[in-house]
Amino acid sequence: MAFRTVVVERYSITAAAPFETVVARIDAALGHPDMRAFLAALGQAPSFAALEAVVAQAVGRSGMMEFVRFDSGAVLAKDRRGASPRMLRLLIGNPVIMKQMAQHVPDAAAYAPVTVLIDERPDGVHLSYDRMASFLAGYGSPDALAVARDLDQKIERLLTAVSA
């Protein structure tokens, strides 16, 4: 058995816009494919080029797609009799980017797609993201790290844009 310590850097930005506006903005930037159809199309792709074409149709203008959404606020509300801050956890990404990292560091597939947390607090709506480069820094692969840094920039630009 082996253990690896991973130090994680978190990017966080606070939006002045209301929760609904922030969520609508991120929704507009992400692709929202029917996941059953998407996964079936990936499985049927006869080549990597065909897989890339499937992904290209699934991603939004940000180059990312939403895989799944968890309404953490709804879970918290069960214990607070309905009085709970709104909180969403989105798993977003791009399978082609994951492949570019995982071909150098297989563990990268455990970190992708990435989590974006959108939560409402008294001081505004927070958008948080754990940087992929921090997950992969200790693996010793400059190639995977370069892809991870590029991914971090894309996600951080997205979160900055939707928070404005």
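What you see is a predicted model; the values in this text were computed from it and never measured.

S.K.: In this structure, what is going on with the overall build of the chain? I would like to understand it.
M.R.: When you go through the chain residue by residue, the secondary structure sums to 8 helices and 5 strands. Each helix and strand of the chain, placed in order from N terminus to C terminus, yields the pattern β-α-α-α-β-α-β-α-α-β-β-α-α. Its C-alpha atoms give the chain a radius of gyration of 17 Å, near enough to 15 Å, the size a compact globule of 164 residues would have. Taken along its principal axes, the extent of the C-alpha atoms in the chain is 50 × 35 × 35 Å.

S.K.: Can you help me understand the sheet that holds strand 5 (residues 124-130) in this one?
M.R.: Within a sheet, adjacent strands bond to each other through the backbone by hydrogen bonds, running parallel or antiparallel. Within the open sheet, the 5 strands sit side by side as 1-5-4-3-2. Their pairing is antiparallel. At either end of the open sheet lies a strand with only one pairing partner, and these are strand 1 (10-15) and strand 2 (65-70). Averaged over all pairs of adjacent strands, the angle between their axes in this sheet comes to 20°, without regard to strand direction. Both strand 4 (residues 114-121) and strand 5 contribute to a ladder of 6 bridges, which runs antiparallel. Its bridge partner lying in strand 5, Val116 is registered against Tyr129.

S.K.: Where do I start with the pairing of strand 5 in this structure?
M.R.: Moving residue by residue along a regular strand, the side chains alternate between the two faces of the sheet. The buried count for strand 5 comes to 6 of 7 residues, which makes it a mostly enclosed element. Looking at chain direction, strand 1 and strand 5 are connected through 6 bridges and run antiparallel. In the sheet register, Ser12 faces strand 5, and the bridge partner there is Ser128. In textbook terms, the turn of a hairpin is the stretch between consecutive antiparallel strands, and for strand 4 and strand 5 this stretch comprises 2 residues.

S.K.: What's the story with the pattern of salt bridges in this structure? I'm lost.
M.R.: Tallying each qualifying case throughout the model produces 9 salt bridges. Residue Arg69 pairs with Asp27 through a salt bridge whose shortest N-O separation is 2.3 Å. Of this pair, Arg69 sits in strand 2 while Asp27 sits in helix 1 (residues 19-29), placing them 42 residues apart in sequence. With relative accessibility at 30%, the residue Arg69 sits in the partly exposed group. A salt bridge links Lys154 to Asp150, with the nearest nitrogen and oxygen atoms 3.2 Å apart. In this pair, Lys154 and Asp150 are both assigned in helix 8 (residues 142-163), 4 residues apart and thus about one turn of the helix distant. Residues joined by salt bridges that share partners form a network here, namely Glu9, Arg131 and Glu156.

S.K.: It is not clear to me how the nonpolar core should be interpreted in this structure. Could you clarify?
M.R.: For soluble globular proteins, nonpolar side chains are generally found buried alongside one another. The biggest cluster of nonpolar side chains holds 41 residues, and the ones touching the most others in it are Met101, Ile118, Met132 and Leu136. A total of 9 residues in this core trace back to one element, the largest contributor, which is helix 8. Dropping the residues within four chain positions of it, Met101 is found in contact with Ala108, Ala112, Met132, Leu136, Ala144, Val147, Ala148 and Leu151. Listed in part, the 8 residues of the second largest apolar core include Phe38, Val55, Val59 and Val96.

S.K.: Sorry if this is basic, but what is going on with the packing of aromatic side chains here?
M.R.: Centre distance and the angle of the planes are the two values used to describe a pair of aromatic rings. Tallied over the full model, the rule gives 1 aromatic pair. Considering the side-chain rings of Tyr111 and Phe135, the 4.5 Å spacing of their centres and the 15° angle between planes classify their relative orientation as stacked. Of the two residues, Tyr111 is situated in helix 6 (residues 108-111) and Phe135 in helix 7 (residues 132-136); the sequence distance between them amounts to 24 residues. Looking at Phe135, the relative accessible area reads 16%, which means it is buried. The ring of Tyr139 carries the charged tip of Arg4 above its face, separated from the ring centre by 4.0 Å. The lysine or arginine in question, Lys99, covers the ring of Phe48, its NZ or CZ lying 4.8 Å from the ring centre.

Rules used throughout
Residues numbered from 1 in each chain as written. Predicted model: local features only at pLDDT ≥ 70, side-chain atom pairs only at ≥ 80, totals over all residues. Heavy atoms only, no water. Helix = DSSP H or I, 4+ residues; strand = E, 2+ residues; numbered from the N terminus. Rg over C-alpha atoms; globule rule 2.2 N^0.38 Å. Pairing = 2+ DSSP bridges. Axes fitted to C-alpha atoms, helices over the stretch in contact; angles between N-to-C directions. Buried < 20%, exposed > 50% of the residue type's maximum accessible area, 1.4 Å probe, protein only. Salt bridge = Lys/Arg side-chain N within 4 Å of Asp/Glu carboxyl O. Core = buried A, V, L, I, M, F, W, Y, C linked by side-chain atoms within 4.5 Å. Contact = heavy atoms within 4.5 Å. Phe/Tyr/Trp six-rings, centres within 6.5 Å; stacked < 30°, edge-to-face > 60°. Lys NZ or Arg CZ within 6 Å of the ring centre and 35° of its normal.

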